[in-house]
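Single-letter residue listing:
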Amino acid sequence: MEYALLICRDESQAPLAAPEQEAFAALLERLGPRLKVNTRLRPSSTATTVKVRDGGLVIADGPFAETKEQVAGVLVVECEDLDEAVELAAQIPVARLGAIEVRPVWPL
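Worth saying up front: this structure is predicted, and the values here are computed from it rather than measured.

**Q** What should I look at first to understand the state of the cysteines in this one?
**A** In protein structure, a disulfide is the covalent linkage between the sulfur atoms of two cysteines. Under the definition given, this model contains zero disulfides. The thiol sulfur of Cys-8 is not disulfide-bonded, and the nearest other cysteine sulfur, from Cys-79, lies at 17 Å. Owing to a relative accessible area of 4%, Cys-79 belongs among the buried residues under this scheme.

**Q** I tried to follow the side chain of Asp-10 on my own but got confused; where do I start?
**A** In this structure, Asp-10 sits in strand β1 (residues 2–10). Note on Asp-10: relative accessible area 11%, which makes it buried. A distance of 2.7 Å separates a polar atom in the side chain of Asp-10 from a polar atom in the side chain of Ser-12. In this view, Asp-10 contacts Lys-68 and Glu-69; residues no more than four positions away in its chain are not counted.

**Q** Even after reading the chapter, I still don't get the pattern of salt bridges, so can you show me in this structure?
**A** Opposite charge on two side chains permits pairing when their charged atoms draw close. Taken as a whole and judged by the stated rule, the model has two salt bridges. Residues Arg-34 and Glu-84 are paired through a salt bridge, measuring 2.7 Å at the closest nitrogen-oxygen approach. Of this pair, Arg-34 sits in the loop between α1 (18–31) and β2 (35–40) while Glu-84 is found in helix α2 (residues 82–91), placing the two residues 50 residues apart along the sequence. By relative accessible area, which is 30% here, Arg-34 ends up partly exposed.

Reading the values: the criteria
- Residues numbered from 1 in each chain as written.
- Predicted model: local features only at pLDDT ≥ 70, side-chain atom pairs only at ≥ 80, totals over all residues.
- Heavy atoms only, no water.
- Disulfide = S-S within 2.5 Å.
- Buried < 20%, exposed > 50% of the residue type's maximum accessible area, 1.4 Å probe, protein only.
- Helix = DSSP H or I, 4+ residues; strand = E, 2+ residues; numbered from the N terminus.
- Polar contact = N/O pair within 3.5 Å; in protein donor to acceptor, adjacent residues only side chain to side chain.
- Contact = heavy atoms within 4.5 Å.
- Salt bridge = Lys/Arg side-chain N within 4 Å of Asp/Glu carboxyl O.

This is how it looks when you write it as structure tokens:
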């Protein structure tokens, strides 16, 4: 089953230090073909939020959610079950600074 690992962190924090970046790169390499998607997102200040309300289009700069932590990246990985996905999420260095939200992917 595929799981999305949403990497969330406070954008005001400094970028990951070299050892954490290296640990993350090593994790990605170990995943090999099980890694389906790996993408980093630009800061939430570059976001555009789109809504349709009362038949009209509402476009706003910035993120929809007003929270301290924002989604900074997304991995989609093939795992046997939720326990394995959680184990992988715990290995992502950002888990020590922010949070990793784990969600099963719902195939179209």
